[in-house]
Amino acid sequence: MVDSSTTGRANQKARTRKAIVDACRELTRSGAEVTMPQVARTALVSEATAYRYFPDLVSLLRESLAGAWPDPTEALAPIADSADPAERVAFACEYLLRGVDAYQGAVRAMISQTITAPANPTARPGIRFGLIDHALAPFEDADGPASLTPAAMTDLKRGLAVIVSAEALFTLTDLCGLSADDAIASAVRTATALTTAAFTEASAR
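We now turn to the structure provided with this report. (Residues numbered from 1 in each chain as written. Predicted model: local features only at pLDDT ≥ 70, side-chain atom pairs only at ≥ 80, totals over all residues. Heavy atoms only, no water.)

**Here we look at the overall build of the protein chain**
Phase 1: Within the protein chain one finds 11 helices and 0 strands.
Phase 2: Its helices and strands taken in sequence order, the protein chain reads α-α-α-α-α-α-α-α-α-α-α from the N to the C terminus.
Phase 3: The principal-axis extent of the C-alpha atoms belonging to the protein chain is close to 75 × 45 × 35 Å.
Phase 4: Counting all 205 residues of the protein chain, 36% fall into the buried class.
Phase 5: Counting only contacts in the protein chain whose residues sit at least 6 apart along the sequence, the fraction spanning at least 24 positions is 69%.
Phase 6: Of the roughly 11100 Å² that the protein chain leaves accessible, carbon and sulfur atoms contribute 56%.
Phase 7: Taking the average location of the 19 positive side-chain charges in the protein chain and that of its 24 negative ones, the two points are 10 Å from each other. (Helix = DSSP H or I, 4+ residues; strand = E, 2+ residues; numbered from the N terminus. Buried < 20%, exposed > 50% of the residue type's maximum accessible area, 1.4 Å probe, protein only. Contact = heavy atoms within 4.5 Å. Areas by Shrake-Rupley, 256 points an atom, 1.4 Å probe, with all protein chains shown as cover. Lys, Arg positive; Asp, Glu negative; His and termini not counted. Charge placed at Lys NZ, Arg CZ, Asp CG, Glu CD.)

So, in structure tokens, the structure goes:
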């Protein structure tokens, strides 16, 4: 026979955990600052309770952000038929940075919590890499309409990882004083130029 008190406690724990995750998601969608105290207040629990369910803000953010971003195939569906690498990269860049701007409270929190722990780099979601890989996937085939050598493709992806990033967006908004729209447009232009230069150089050989 199942102990009803045990079941009741388990159900209460599940409800409390869900309330904490839902509160984090609510704050994330609002673009507001995401901190453990703010999550606890929104969830109507104590900060100590929040920490009993999640040892740190990173683990909570990872769970609350799960499923928030579609996979690269879905995200880049509007340019699925494009054979222009610059167009594909530009779309991927804008797509990522629009999402970063919308979720910037959570993104800033994730960066601040993980940048001080370089020994655990997988704690930070690498959404940019999936988008860049998918955008350039058609051009990794040597028999395709346009392609780069493996070394050139690796160099291009590394360069794009710097530009197609939350860090680039925040540099442009926080330090350069650009609006979010202007910052995104600037990053898209840079990503487009880098991609165009890589393929132009390859075709000239």
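**A word on the nonpolar core**
Phase 1: Counting 35 residues, the largest nonpolar core has Leu 136 and Leu 160 as its most contacted members.
Phase 2: Contributing elements (two or more residues each) for this core: α6 (85–102), α7 (104–114), α8 (127–136), α9 (150–163), α10 (166–175) and α11 (180–203).
Phase 3: If you look at the next biggest cluster of nonpolar residues, it comprises 20 residues, including Phe 54, Val 58, Leu 60 and Ala 109. (Core = buried A, V, L, I, M, F, W, Y, C linked by side-chain atoms within 4.5 Å.)

**Quick look at the pattern of salt bridges**
Phase 1: For the structure shown, the criterion picks out 8 salt bridges.
Phase 2: With a shortest N-O distance of 2.7 Å, Asp 22 and Lys 18 are connected by a salt bridge. Here Asp 22 pairs with Lys 18, and both are found in helix α1 (residues 4–30), just 4 residues apart, close to one helical turn.
Phase 3: Relative accessible area serves as the criterion here: at 29%, Asp 22 is assigned to the partly exposed category.
Phase 4: Accessibility expressed as a relative area gives 52% for Lys 18, which makes it exposed.
Phase 5: The closest approach of N and O atoms between Asp 174 and Arg 108, which form a salt bridge, is 2.9 Å. Pair noted here: Asp 174 is in helix α10 and Arg 108 is in helix α7, with a separation of 66 residues, a long-range link.
Phase 6: Classification of Asp 174 as partly exposed rests on a relative accessible area of 43%.
Phase 7: Within this structure, Glu 94, Arg 98 and Asp 181 form a network of salt bridges that share partners. (Salt bridge = Lys/Arg side-chain N within 4 Å of Asp/Glu carboxyl O.)

Taken by themselves, the reported measurements are silent on function.
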